Amino acid sequence: MGKGFSVRKIVVTGALGAVAVALSVSGLGYIPWFAGASLSVLAIPAIVGAVIEGPVVGILVGAIFGLTSLVQAAVNPAKGPLDVFFVNPLISVLPRLFIGLAAWAAFRLFKAKFRAAGAAVAGIVGALTNTVLVLGALVVAGAIPLALAGTVFVSNGLIEAAASAILTAGIVAAWKGVEERPGKSRLADEGK
């Protein structure tokens, strides 16, 4: 790995990537919503990775999330009417690469003094990045009309962003609390 990619970053990438896969495969990454729709919290591992370890980790975890989405669509396309379009990596993988990058950039604006607010804003920005780019890719591919994309954005995307803000802020606070306590492991200091 490159000079800037420490053992710690590899471990965090692997752990959060495993969480992304587990959320996707188990169905726990989808919160039931009205009219048979569901809210997705699958972007949160990529957002958390970007906040705690930087954009490269966020991009890699986002890639794992996207690849999981692609594989799920390939092996179980009857799950939903749009799932067949997620076999295309331009819809399932490419948009997910930008989740971590956007979340990291948003977090950097607040990092110095307002970590909790920065993590919440990163959660909002990361979730909205996922929603906008995936819906945009579906519109460009002709899978859905623009009006439907707008409706999904308002009915799901904004709620997902709010949930992501709350969960990301909580997870980052817990992670940093464990990391900063006395008697922490050597891995906590690795790469700093």
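Read on for a plain summary of the structure. Note that the structure is predicted; figures quoted are calculated from it, not measured.

**Some details on a nonpolar patch on the surface**
Step number 1: Together, Leu-90, Leu-94, Phe-98, Leu-101, Val-132 and Leu-133 line one region of the surface with nonpolar side chains, adding up to about 500 Å² of accessible area.
Step number 2: At the level of elements, α5 (94-110) and α6 (115-140) are the ones that each hand at least two residues to the nonpolar patch.
Step number 3: The leading source of residues in the nonpolar patch is α5, at three residues.
Step number 4: With a relative accessible area of 44%, Val-132 lands in the partly exposed category.

**Some points on the environment of Leu-82**
Step number 1: In this structure, Leu-82 sits in the loop between α3 (55-75) and α4 (89-92).
Step number 2: Taking the relative accessible area as the measure of exposure, Leu-82 reaches 28% and is therefore partly exposed.
Step number 3: Remark: the alpha-carbon pair of Leu-82 and Ala-143, spanning 61 residues in sequence, is separated by 7.2 Å.
Step number 4: Excluding anything up to four places from it in sequence, Leu-82 contacts Leu-138, Ala-143 and Ile-144.

**A word on the packing of helix α1 (residues 7-26) against helix α2 (residues 44-53)**
Step number 1: Relative orientation of the contacting elements α1 and α2 amounts to 165°, with a least axis distance of 9 Å. Relative to α2, the element α1 lies roughly antiparallel. Considering the relative orientation of α1 and α2, their crossing is right-handed. Between α1 and α2, the contacting residues are Arg-8, Lys-9, Val-12, Leu-16, Val-19, Ala-20 and Leu-23 on the first element and Pro-45, Val-48, Gly-49, Ile-52 and Glu-53 on the second.
Step number 2: For the contact of α1 with α2, a count of residues per class yields eight nonpolar, one polar and three charged.

**Remarks on the nonpolar core**
Step number 1: Core analysis: the largest hydrophobic core is formed by 24 residues, its most contacted members being Leu-16, Ile-47, Val-51, Ile-52, Phe-65, Ile-99 and Ala-122.
Step number 2: Going through the elements one at a time, α1, α2, α3, α5 and α6 are the ones with two or more residues in this core.
Step number 3: Looking at this core element by element, the count peaks at seven residues for α2.
Step number 4: Look past the residues within four positions of Ile-99 in its chain and what remains in contact with it is Ala-43, Ala-46, Ile-47, Phe-65, Gly-126, Thr-129 and Asn-130.
Step number 5: Judged by nonpolar contacts, the second largest core, of ten residues, contains Ala-73, Phe-86, Leu-135 and Ala-137.

What counts and what doesn't
Residues numbered from 1 in each chain as written. Predicted model: local features only at pLDDT ≥ 70, side-chain atom pairs only at ≥ 80, totals over all residues. Heavy atoms only, no water. Patch = residues over 30% accessible without salt bridge, like charges linked within 9 Å, V, L, I, M, F, W, Y side chains within 5 Å. Areas by Shrake-Rupley, 256 points an atom, 1.4 Å probe, with all protein chains shown as cover. Salt bridge = Lys/Arg side-chain N within 4 Å of Asp/Glu carboxyl O. Helix = DSSP H or I, 4+ residues; strand = E, 2+ residues; numbered from the N terminus. Buried < 20%, exposed > 50% of the residue type's maximum accessible area, 1.4 Å probe, protein only. Contact = heavy atoms within 4.5 Å. Axes fitted to C-alpha atoms, helices over the stretch in contact; angles between N-to-C directions. Parallel < 35°, antiparallel > 145°, perpendicular 65-115°, else oblique. Left-handed = near helix turned anticlockwise from the far one by under 90°. Nonpolar A, V, L, I, M, F, W, Y, C, P; charged D, E, K, R; others polar. Core = buried A, V, L, I, M, F, W, Y, C linked by side-chain atoms within 4.5 Å.

Geometry only, nothing functional implied.
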